[in-house]
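Per-entry structural report
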Amino acid sequence: MTSTALPAHESIFVGVRDPFHTSAVQRRAPCRVGRLRSCSGRRRSLMKMSHVIASLPFLILFAFQPAAATGPDQTALAQSISTFIEGVRTSDLAKVKSTTVQGYRAGDQPKYAILSRLGQVTDVDLGDERRFSQQTIVEAEVRHASGASSWTFSIQAGSRIVAAEMTSASVYGARAAATSAKTTTGGPARYHHRRYSGGYRRPVVLSCESSPSSCNQDARLVEFFYATDRNIKITNNVSTLDTNAPRSGILTYGIAGVRIPEDHEPGKIELPSEWHFLSFDYKAATDETKHFSIKRLAATSYEDWKDLVKRQADQSENRALIFVHGFNTGFEDALYRNAQIVWDLQYQGVSVLFSWSSKGKVRDYGYDQDSADIAQAEFVELLTRLHESGIEHIDIIAHSMGNRVVLPALDQLATGSSPVRVRQLVMAAPDVARDKFMIQLPLAQKIVAGSTLYASSADKALIASAELADFPRAGMVSANGPVLLPNLDTIDVTAIGDEILGLNHTVFATNRAVMDDLKLLLINGMKLPRLAQVRKFPEPPQPSTYWKYK
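Criteria and cut-off values
Residues numbered from 1 in each chain as written. Predicted model: local features only at pLDDT ≥ 70, side-chain atom pairs only at ≥ 80, totals over all residues. Heavy atoms only, no water. Helix = DSSP H or I, 4+ residues; strand = E, 2+ residues; numbered from the N terminus. Expected span 1.5 Å × (residues − 1). Salt bridge = Lys/Arg side-chain N within 4 Å of Asp/Glu carboxyl O. Buried < 20%, exposed > 50% of the residue type's maximum accessible area, 1.4 Å probe, protein only. pLDDT = per-residue confidence, 0-100. Contact = heavy atoms within 4.5 Å. Phe/Tyr/Trp six-rings, centres within 6.5 Å; stacked < 30°, edge-to-face > 60°. Pairing = 2+ DSSP bridges. Core = buried A, V, L, I, M, F, W, Y, C linked by side-chain atoms within 4.5 Å. Right-handed = clockwise from strand over helix to strand, strands pointing away.

For helix α8 (residues 365-388), which comprises 24 residues, the first-to-last C-alpha distance of 34 Å matches the rise-based estimate of 34 Å (1.5 Å per residue) to within 8%. Gly-390 occupies a position one or two residues after α8 and carries a positive phi of about 100 degrees.

Here it is in structure tokens:
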């Protein structure tokens with residue numbers, strides 16, 4: 001669900017500030033366990049929301065853990081927290097395991113050296129309790145023999161701890177101890193030996209054994225969001241298409257993680273070999289060190305998806321890159337292509353795959369055309385919702401028939417009062433009628449800051465499409481040249497076409513030179529010329545009208 005001022009290959013699920021502000025606050029009546037006071041109603045300064053520390057893996061965990069029948073029992077939870085902290089303080093593994101979920105890796109829990117100065121737990125105040133999807137989040141203020149600490153917990157099954165983190169702590173000095181660590185207002189004294197603050201970006205420690213889908217310890221894992229109108233079911237990281245109703249017309253959301261193999265070459269998607277003969281199918285086993293492999297795939301509710309995007313946007317300068325695939329692209333193929341693009345670009349923003357209902361078969365060209373037309377409304381919905389999630393800068397890469405989805409959607413937004421704006425629109429080999437393209441793009445440019453067209457005279461897929469439609473496509477370079485429009489950077493990539501089967505239809509993603517050009521455009525914001533091999537054409541002394549790879 002990997003993006004975000006982090007390299008694209010790092011986890012997109014990072015610590016964020018105040019991740020629970022959209023959840024309803026539940027307050028409970030006071031209760032007591034011996035000297036453990038809970039639900040006291042008092043909110044101390046250490047419990048301010050600025051100390052709430054969380055992470056997106058933490059949030060993903062909430063979305064996919066089994067739901068508890070009821071909220072945690074306050075008395076049992078106060079006792080559990082006290083025992084847990086004492087176990088961490090004294091390195092008592094039995095105590096830690098007795099209060100946590102099965103499979104919790106206690107060895108990964110920070111030791112918090114300051115706990116030795118704080119001393120034994122004497123009192124626990126349970127603070128705000130929130131529900132995020134299927135998890136209960138509890139804040140707790142803990143008093144010790146020589147100080148106080150603040151914590152954030154994720155709770156499951158009543159009082160079992162799934163994740164925990166100390167967010168701040170204060171050790172009282174001698175003068176404070178002499179006054180029973182109290183001021184006249186009843187708060188902790190303001191004399192300290194030492195303070196501890198978890199900061200805003202410290203992640204909550206999770207149990208990777210009990211929830212592997214929320215832990216990213218693999219630097220080659222690319223994690224991203226997806227939105228699709230496909231009628232698919234996702235179970236245990238596997239997607240299944242409903243062949244009886246493959247096109248739903250309803251947008252659904254989720255997160256994905258694809259591992260990039262160690263020997264990956266830029267522009268390539270390394271997959272296991274396979275062959276088909278008559279009724280026999282063979283596919284070699286996947287080796288994640290050699291092949292792209294789907295490690296995480298899960299559907300989410302829109303509300304959870306939106307919250308995750310919001311938190312990711314906060315870490316990535318509020319920008320997102322949307323990839324819209326083309327004709328003859330299955331869902332898993334789209335996941336692989338998006339991961340390859342994000343990895344090769346080293347994109348550091350929110351990555352979103354928009355996967356419309358292509359059947360993924362060459363013979364279903366007509367079906368895919370209809371699917372692209374139907375998906376236009378869903379793409380408008382996606383852009384609107386990304387904007388509502390705090391995304392201010394949107395870049396779009398539309399490939400092939402994906403332009404048939406994107407351009408009408410942008411035209412619709414441009415004619416309305418929508419605040420959605422697109423920073424860069426990249427149109428790679430657009431399978432759109434040339435004259436239609438020349439009408440649609442100028443209207444879309446009302447909300448698009450920059451637009452780039454990659455075209456080729458060697459694109460066999462577009463040549464076939466033109467013959468079928470009896471009209472040239474916008475992604476073709478004809479004898480009279482490519483499409484030329486005001487405020488459009490047209491780049492002829494014919495010279496570098498090199499793809500399996502000779503179709504040259506994904507040259508934008510399968511050629512390193514084009515990926516380098518895209519990186520300079522989307523990451524660095526550079527204008528043409530960006531690469532030495534891309535030059536103006538025709539060459540001087542003739543007036544230049546577009547760009548061409550040499």
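This next bit is on the pattern of salt bridges. Per the counting criterion, the structure on display carries 14 salt bridges. Ionic pairing is found between Arg-296 and Glu-223, a salt bridge with its closest N-O pair at 2.1 Å. Taken together, the positions of Arg-296 in strand β17 (residues 293-300) and Glu-223 in strand β11 (residues 221-230) put the pair 73 residues apart, joining distant regions of the chain. Since its relative accessible area comes to 1%, Glu-223 is described here as buried.

Right, let's get into the confidence of the model for the protein chain. Reading predicted coordinates in detail is not appropriate for stretches of low pLDDT. Chain-level statistics for the protein chain give a pLDDT mean of 77 and a share of 73% at 70 or above. Across the protein chain, helix α10 (residues 434-444) holds the top mean pLDDT of 97, while strand β1 (residues 15-17) sits lowest at 31. This stretch, residues 198-216, has a pLDDT under 50; its non-local contacts, to residues over four places away or in other chains, come to 68 contacts.

Okay, the packing of aromatic side chains next. Taken as a whole and judged by the stated rule, the model has twelve aromatic pairs. Here Tyr-112 and Trp-151 contribute two aromatic rings whose centre-to-centre distance is 5.5 Å and whose plane-to-plane angle is 80 degrees, an arrangement assigned as edge-to-face. Of this pair, Tyr-112 sits in the loop between α3 (93-99) and α4 (115-118) while Trp-151 sits in strand β8 (residues 147-156), placing them 39 residues apart in sequence. For the pair formed by Tyr-112 and Trp-151, the shared burial category is buried.

Turning to the pairing of β8, a few remarks are in order. In terms of burial, β8 is largely enclosed, as ten of its ten residues are buried. Of the two faces of β8, both are covered, the one formed by Gly-147, Ser-149, Trp-151, Phe-153 and Ile-155 as well as the one formed by Ala-148, Ser-150, Thr-152, Ser-154 and Gln-156. Inspection of the sheet shows β8 paired to strand β9 (residues 160-172) by ten bridges, in the antiparallel sense. Directly across from Ala-148, in β9, lies its bridge partner Ser-170.

Attention shifts here to the nonpolar core. Counting residues in hydrophobic clusters, the biggest one holds 56 residues, and the most contacted among them are Ile-322, Phe-354 and Phe-379. Counting 41 residues, the second largest nonpolar core, distinct from the first, contains Val-258, Phe-292, Leu-521 and Trp-547.

For strand β22 (residues 448-455), a buried count of seven out of eight residues is recorded, marking the element as mostly surrounded by other parts of the structure. Judged from the six bridges that link them, strand β21 (residues 422-428) and β22 form a sheet pairing that is parallel. Within β22, the position partnered with Ala-428 by the bridge is Tyr-454. A crossover links β21 with its parallel partner β22, the connecting element being α10, and its sense is right-handed. As defined by bridge partners, β22 adjoins strand β23 (residues 488-492) across five bridges and the pair is classed as parallel. What sits directly across from Leu-453, in β23, is Thr-490. In this fold, β22 hands off to helix α11 (residues 460-469), which returns the chain to β23; that crossover is right-handed.

Turning to unusual backbone geometry, a few remarks are in order. Of note, the bond from Phe-537 into Pro-538 is cis; its omega dihedral lies within 30 degrees of zero at -10 degrees. Mapped onto the elements, Pro-538 comes out in the loop between β24 (534-537) and β25 (546-549). The step from Pro-540 to Pro-541 runs through a cis peptide bond, and the omega angle for that step is 15 degrees. You will see that Gln-346, though not glycine, has its phi angle at about 55 degrees, which is positive.

Given 3.6 residues per turn, any residue in an α-helix points the same way as the ones three and four places further on. Its 15 residues place the ends of helix α7 (residues 331-345) 21 Å apart at the C-alpha level, agreeing with the 21 Å of an ideal helix rising 1.5 Å per residue. Here α7 lies mainly inside the structure; 13 of its 15 residues are buried. At the C-terminal side of α7, Gln-346 shows a positive phi close to 55 degrees.

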